[in-house]
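Examining the three-dimensional arrangement
Given next are the chains, with one letter for each unit.
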Amino acid sequence: MNLQRKLEILADAAKYDASCASSGTELRDSRDGKGLGSTAPGMGICHSYAPDGRCISLLKVLLTNACNYDCLYCVNRASSNVPRARFTIDEVVRLTIDFYRRNYIEGLFLSSGIIRSADYTMEQVVAVARKLREEHRFRGYIHLKTIPEANDDLITEAGKYADRLSINIEMPEEDSLAKLAPEKDVRAIRRTMGRLRLKLDEAKEAKKADATARVRAPRFAPAGQTTQMIVGADAASDQTILSTSANLYGSYSLKRVYYSAFSPIPDASRALPLSAPPLMREHRLYQADWLMRFYGFDISEIVDATNPMLPLDIDPKLAWALRHRDRFPLDINRASREELLRVPGFGAKAVERILSARRYTSIRAADLSRLHVPRNKALPFIVLADHRPSPKVLESMTLAKQLKPKAMQLGFGF
Amino acid sequence: MTRHIILDSETDFDGWRRAARALALNNVAPHDVVWRTSGNEPDLFTPAAAVLPDGPLVSTFNVPAQFIELSQASILHRDPQRFALLYRLLWRLRMNHDLLDIATDQDVIRIRDMVRAVRRDEHKMHAFVRFREIGRERDTHFIAWFEPEHHIVELAAPFFMRRFADMNWSILTPDICAHWNDDRLSFTPGVSRDEAPTEDRLEKVWRSYYASIFNPARLKVKAMQTEMPKKYWPNLPEASLVKSLIANAGRVSSEMIAAEATAPRKPQQREQPMARQPSAHDSLSSLREKAADCRACPLWKDATQTVFGEGPAHAQVMLVGEQPGDKEDLAGKPFVGPAGQMLDRALKEAGIDRTKVYVTNAVKHFKFVPRGKIRLHQKPNTAEIRACRPWYERELAVVNPALVVAMGSTAAQSVFGKITPINKSRGRLIDMKDGRKALVTVHPSYLLRLPDEDARAREYERFVDDLKIAATQMQRDRAA
C-alpha cells in the first residue's frame, strides 16, 4: 500500500478525536540551527480549516487502525469492515518532518488502535516521538494518546517527549462505557489520569525548585492532559455530562474536556443512533463548560434535576438569566466583575473593557456595539447612563421568545 | 498653516515618532498636519526639513508605554489615515493621560481595531505561508508566495527564522521579500507572483490528508470561512478541494447513515477474564483485588480508585485513618499526602518505623466535591462508614495486629462500631472484646487545619505522646 493511501485510511481513522490544539506549551525554537521547529506562544496556530469548521493544526493520524477492542461508537472497532493500515515508525516521522518544513502543521498528534498489548502499543507510539525528538531534534508540538494500562516507565517517557498527553474518558457514565466499549475499563482510565496528574504536579514543583537549585527538572507534558467525551451515543443527560466534566477538571487538572457529537461513521454499528451529529448540543455543552470554568458559575446553576438538559434554542447564560430575573436589571456602571460576567451577551473581554472604561466615563447604550456586546440580548437586563428597561420587559413571559435567535447558528469554530 | 510630513516608508515608525514629537512640542494641531510617505508626495511639495517647526525642543512629555506598543503595531496597517490618527491620539493623550483606557472612545476603538487587524494578519501569515521546495538534496531552498493584507512581512519574518533556522527559505510578497540564507535574515523589494515556484511534491499528499481529516457529517462552512477567509485561498494548496468537499458532503454523510449494516468482520472473540478460584482464606492481595471493584456505597463513582491498606501482612500495629485524600486517591496509596507527611514525622519522633506498621482507612474511597481545579474533602457519613467496615474487618482478621490505633472520629467509629468521642477516650489503651488493644488519637490532618501555631505545636506534642503509648506497647509485646 502506498504512503498516500495509508495516510487516507489513518487520518480518516483519527478524525473523530476533536482535540487538535497546539496551545499551552513551553516556548522552544531552533535559532541555534541545531534542530527544526518552534512552539507558538499563546493559543497555538491553526494552519488550515476543513469545511467542518475544525482547525487543522497537527498532523492527526493513528499509527494503526487495527484494534483489538470492539467499541461500538468507534470507526476502528475490531468488527468493522473499514480498510486497515499501519504506518511504520519512520513513515510517520518522515511525514511529520516533510509537512512541518512546508509550514502545513504545528506538529504531530499520534494515537493508535490497541494491538497486541497496552505496553506494546504505547511503546510504538513513544518510539515515534523519541525518534522525532532525539534523532531529528524536532522542536515542534507533539500530542500523544496515552494507553490507560501502559506501564509507568513508558508513560514517563511519553511525557518527556510530548507537549500534551490525553486519555479519552469516552462516555460520561461507567454503565454506558461498559455497554458500548466492553474492553475499556473506566477505572484504568481514571487511575492513569491520576498518574498523569501526579507526574504533572511533580514536574511543576521541580520546575519551581529549578529556579533556586540549578538542577534540570524532569520534563513532563508541559501542555498538560486533556480528554474527550462522546455526546449523543448514549442516553446521558447534559447534567451527567457536565458533572463528569466538573469531576474530571477537579480531579486531574485537565486543560480541556472536549465534547464530540456522535457522528455517523463509515460501516457504523446498528446498535447506535444513526443520525446527524447533535452539533448544537455539543456547542451548548462547550458554552456551559466555559461558564463553569471562566464565568464563576456552579454546575447546579446551569443544570439540575428539573432541568437536566441545556436548552438548544438559547445559550445557557441567557437561560440562567431568564430563570433569575429578580437579579436584574443590573447597573453596568456600578456592578461588580462577578455580576457583569453573568449578564447575557457579556464576554470576559467586554467585562474587562467595561471595568476599565467606566472609571473615566459612564457607559451608554451606544457604547455596547463598540464593546462588541449584542445589544438586543443585553439591553433587557441592564441599566446604563441613558437606558433603563421598563419593568414590564423583564416580567414579560414573552421575553424568552423575543431573545431566541431567528435562525440556527451553527457557525462555531474550534 | 498646513504642514506636510514625508515619511521614508510605509513602516517608518521612527520617522513618524520624530516628527510627531516635534509637532506636538510646537503645539501644531492635528488638523494642520498632512502625512505622506516617500513616493506619494503632493505635487508642490516642500522639503521635510522646512516643514518641521524650527526652534530647539526644550521640553519633553511622556506617553503611556501602551501607546508606543499600539503605535508600533498600527503603523503597519494599510489604512493611509493611520499616521494622522496616531498623531491625533498623541495630541489628545497630552490632555488626558488615561485616554487609552476608555474603550468606548472612537479614536481608541479605531486604533485598537487597526492593531487587532495587524496582529491577525501576522498570525494568519504564520499559519498560511506554504513553502515549496526547489533544488536537489543538500542544496534545497524553500520558497513561499504570500499576499499579506498589511505591512507585516518584517514583523512576521523572525517567527520563520526561529522555526526554520536549519533550512534556507524565502517568502516572496508584492511589497517586500524576506530571505533566510546562511544564517542571515535579509529583505529585498517585492516581486510578482511569477517568481515563485508553482508546485511541490508533497502537495498531493497534503491535499489527501486535508480531504481525509474532514468529517462530511458536520459541515460548518461559515466557521471555516471566518477563520480562513477566501482572500488567503489562492495560496493554499488544499483550498482547491473545498468546493468539491462541500458539494459531496451531504451525499457522503447520508450514504453513511443509509448504508446497510455489514456483517461484523470477525466473530466476536473476546477474551474472557480468567475466573479466579475463590480462596477459602483471604490474603491481603486477594482482598485488595476484591476491594478494587467495591460498590457498596456510591463513593466509588466520583473517586479515582479504592485506596486499600498497606504494610506488612502480620504487623503488630494497625493505624486506621478516616479516608484517602486528594493525593492518596491519585496515587492509590494511603497517607502519602500532607497528612501522611505529618504522620511520618510523628511516627519517627515516637520511635515507630512506618514500614513495620499496617496503615489503612476506615473509608477506602475519597469523598469530595469538585470546586474548579480542586477537590474539597467531605466527611464520610455513617452509612458510608458502615458500608466500608467489612473491608476493615477482613484486613483486621488477616493482619491480626495486637494494637489498633484509631486516628480521628471516623476511624474510632469504625474501630469501635459506634460513635466514640476522641477527647474522652484518647491517651490510654482500651481493651477490645476480641482481646486486642485499641488506642484513640486525633487524625494528623486535624493538626494541619489548626490556624494558630502554638495550638498546632501543642497538639502535635499530644499526638506524638499518644503514638509513644503505641511504641511502648509494641516493645512490651515484642518482649513478651
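The name given to chain B in an unreviewed UniProt entry is Type-4 uracil-DNA glycosylase, and the organism recorded there is Nitrobacter winogradskyi. UniProt, in the comment section headed Sequence similarities (unreviewed entry), describes chain B in these words: "Belongs to the uracil-DNA glycosylase (UDG) superfamily. Type 4 (UDGa) family."

With an unreviewed UniProt entry as reference, chain A is termed Putative DNA modification/repair radical SAM protein, source organism Nitrobacter winogradskyi. What UniProt states about chain A under its Cofactor (unreviewed entry) heading is, verbatim, "[4Fe-4S] cluster".

Looking at the overall build of chain B
Along chain B, the regular secondary structure elements total 17 helices and 14 strands. Taking 2.2 N^0.38 as the reference for a compact globule, 480 residues should give roughly 23 Å; the C-alpha atoms of chain B span a radius of gyration of 38 Å, well beyond that estimate. The principal-axis extents of the C-alpha atoms in chain B amount to approximately 115 × 75 × 45 Å.

Regarding the overall build of chain A
The number of helices and strands found in chain A is 16 helices and 10 strands. For 414 residues, the compact-globule estimate of 2.2 N^0.38 gives 22 Å, and the C-alpha radius of gyration of chain A, at 24 Å, lies within 12% of that figure. Expressed along its principal axes, the backbone C-alpha trace of chain A runs to roughly 70 × 55 × 35 Å. When the 414 residues of chain A are sorted by exposure, 51% land in the buried category. Within chain A, contacts between residues at least 6 apart in sequence are counted, and of these 68% link residues at least 24 apart.

Quick look at the interface of chain A and chain B
Accessible area lost upon the coming together of the parts is a frequently used measure of interface size. Listed by partner, the interface residues are 76 residues for chain A and 69 residues for chain B. Sort the elements by how many residues they give to the side of chain A that touches chain B and helix α6 (residues 186-210) of chain A lands first, with 6 residues.

Digging into the UniProt feature "domain: Uracil-DNA glycosylase-like" (unreviewed entry) in chain B
Those residues carrying the UniProt feature "domain: Uracil-DNA glycosylase-like" (unreviewed entry) are residues 308-468 of chain B in this numbering. Between the first and last C-alpha atoms of residues 308-468 of chain B the distance is 25 Å; the span itself is 44% helix and 19% strand.

Here's the deal with the sheet that holds strand β4 (residues 141-145) of chain B
All names here are of chain B. Read from one edge to the other, the open sheet built from 5 strands follows the order β3-β4-β5-β6-β7, with strand pairing classed as mixed. The open sheet is flanked by β3 (132-134) and β7 (184-189), the only strands paired with a single partner. With direction set aside, neighbouring strand axes in the sheet form an average angle of 20°. Here β3 runs beside β4; their pairing, made up of 3 bridges, is antiparallel. Counted as the bridge partner of Arg132 is Ile143 from β4. Docked against the sheet, helix α6 (residues 153-163) engages β5 (169-172), β6 (176-181) and β7, running at close to 20° with respect to β6.

Remarks on the nonpolar core
Leu10, Val61, Leu110, Ala129 and Ala158 of chain A together with Ile171 of chain B are the most contacted members of the largest nonpolar core, which totals 179 residues. Those residues in contact with Ala158 of chain A that lie beyond four places of it in its chain are Met122, Val126, Ala129, Leu144, Thr146 and Leu165 of chain A. If you look at the next biggest cluster of nonpolar residues, it comprises 44 residues, including Leu343, Val363, Met407 and Ala411 of chain B.

Observations concerning the domain arrangement of chain A
Assigned domains within chain A: domain 1 (3-277) and domain 2 (316-403). With centres defined by C-alpha atoms, the gap from domain 1 of chain A to domain 2 of chain A works out at 40 Å.

Describing unusual backbone geometry
The bulk of non-glycine residues show a negative phi, and the bulk of peptide bonds are trans. All names here are of chain A. Pro329 follows Phe328 through a cis peptide bond whose omega is 0°. Of note in the backbone geometry, Ser253 takes a positive phi value of approximately 35° without being a glycine. Even without a glycine there, the phi angle at His372 is positive, about 60°. Along the chain, His372 falls in the loop between α13 (367-370) and α14 (375-378).

A look at the pairing of strand β11 (residues 374-377) of chain B
Residues and elements named next belong to chain B. As paired strands, strand β10 (residues 368-371) and β11 are joined by 4 bridges and run antiparallel to one another. Each bridged residue has a counterpart across the sheet, and for Phe368 the counterpart in β11 is His377. Two successive antiparallel strands, β10 and β11, enclose a turn made up of 2 residues, where Gly372 displays a positive phi of approximately 65°.

Points about helix α10 (residues 316-323) of chain A
It helps to recall that an α-helix has 3.6 residues per turn; residues three or four apart then point in one direction. All names here are of chain A. Among the 8 residues in α10, 6 count as buried, and that is most of the element. For α10, the full list of buried residues reads Pro316, Lys317, Leu318, Ala319, Trp320 and Ala321. Elements that come into contact with the buried residues of α10 comprise α8 (279-294), α9 (299-302), α14 and α16 (399-403).

Re the packing of helix α5 (residues 106-128) of chain B against α6 of chain B
All names here are of chain B. Between α5 and α6, the shortest axis-to-axis distance is 10 Å and the interhelical angle comes to 40°. Taken as axis vectors, α5 and α6 run oblique relative to one another. Considering the relative orientation of α5 and α6, their crossing is right-handed. Residue-level contacts link Glu122, Met125 and His126 of α5 to Leu155, Ala156 and Phe159 of α6. Here the contact of α5 with α6 is composed, by residue class, of 4 nonpolar, 1 polar and 1 charged.

Some details on the domain arrangement of chain B
The assigned domain composition of chain B is domain 1 (3-122), domain 2 (129-195), domain 3 (203-251) and domain 4 (284-479). The residue inventory of the side of domain 1 of chain B that touches domain 2 of chain B, partitioned by class, reads 3 nonpolar, 2 polar and 4 charged.

Things to note about the environment of Ala346 of chain B
All names here are of chain B. Along the chain, Ala346 falls in helix α12 (residues 338-350). Exposure remark for Ala346: the 21 C-beta atoms within 10 Å place this residue in the buried category. It is 8.7 Å that separates the C-alpha atoms of Ala346 and Glu461, two residues lying 115 residues apart in sequence. Residues contacting Ala346, with those up to four places away along its chain left out, are Pro444, Tyr460, Phe463, Val464 and Leu467.

Quick look at the packing of helix α1 (residues 3-12) of chain A against helix α7 (residues 203-213) of chain B
Relative to each other, α1 of chain A and α7 of chain B sit at 25°, their axes nearing to 8 Å. For the element pair α1 of chain A / α7 of chain B, the angle class is roughly parallel. Relative to α7 of chain B, the crossing made by α1 of chain A is right-handed. On the side of α1 of chain A, the interface is formed by Gln4, Leu7, Glu8, Ala11 and Asp12 of chain A, while α7 of chain B contributes Val205, Ser208, Tyr209, Ser212 and Ile213 of chain B. Here the contact of α1 of chain A with α7 of chain B is composed, by residue class, of 5 nonpolar, 3 polar and 2 charged.

So, helix α17 (residues 453-479) of chain B
Residues and elements named next belong to chain B. Helix length check: α17 (27 residues) gives 39 Å between terminal C-alpha atoms against 39 Å at 1.5 Å per residue, within 8%. All buried positions along α17 are accounted for by Phe463, Asp466, Leu467, Ala470 and Met474. Where α17 is buried, its residues contact β8 (317-321), α12, β12 (403-407), β14 (437-441) and α16 (444-449).

Let's talk about the pairing of strand β5 (residues 141-145) of chain A
Residues and elements named next belong to chain A. Of all 5 residues in β5, 5 are buried, a share of seventy percent or more. Covered by surrounding structure in β5 are Tyr141, His143 and Lys145 together with Ile142 and Leu144, the residues of both alternating faces. Looking at chain direction, strand β4 (residues 107-111) and β5 are connected through 4 bridges and run parallel. Across the sheet, the residue bridging to Phe109 is His143, located in β5. Chirality of the crossover, the property in question, places the unit of β4, helix α3 (residues 118-135) and β5 among those that are right-handed. The handedness of the β5 to strand β6 (residues 164-166) crossover, carried by helix α4 (residues 152-161), is right-handed.

About the thresholds
- Residues numbered from 1 in each chain as written.
- Chains lettered and ligands numbered in written order.
- Predicted model: local features only at pLDDT ≥ 70, side-chain atom pairs only at ≥ 80, totals over all residues.
- UniProt positions renumbered as here; feature names shortened; annotations may be inferred.
- Helix = DSSP H or I, 4+ residues; strand = E, 2+ residues; numbered from the N terminus.
- Rg over C-alpha atoms; globule rule 2.2 N^0.38 Å.
- Buried ≥ 20, exposed ≤ 12 C-beta atoms within 10 Å, placed from the backbone.
- Contact = placed C-beta atoms within 7 Å.
- Pairing = 2+ DSSP bridges.
- Axes fitted to C-alpha atoms, helices over the stretch in contact; angles between N-to-C directions.
- Core = buried A, V, L, I, M, F, W, Y, C linked by C-beta atoms within 7 Å.
- Domains from an automatic or database assignment.
- Parallel < 35°, antiparallel > 145°, perpendicular 65-115°, else oblique.
- Left-handed = near helix turned anticlockwise from the far one by under 90°.
- Nonpolar A, V, L, I, M, F, W, Y, C, P; charged D, E, K, R; others polar.
- Expected span 1.5 Å × (residues − 1).
- Right-handed = clockwise from strand over helix to strand, strands pointing away.

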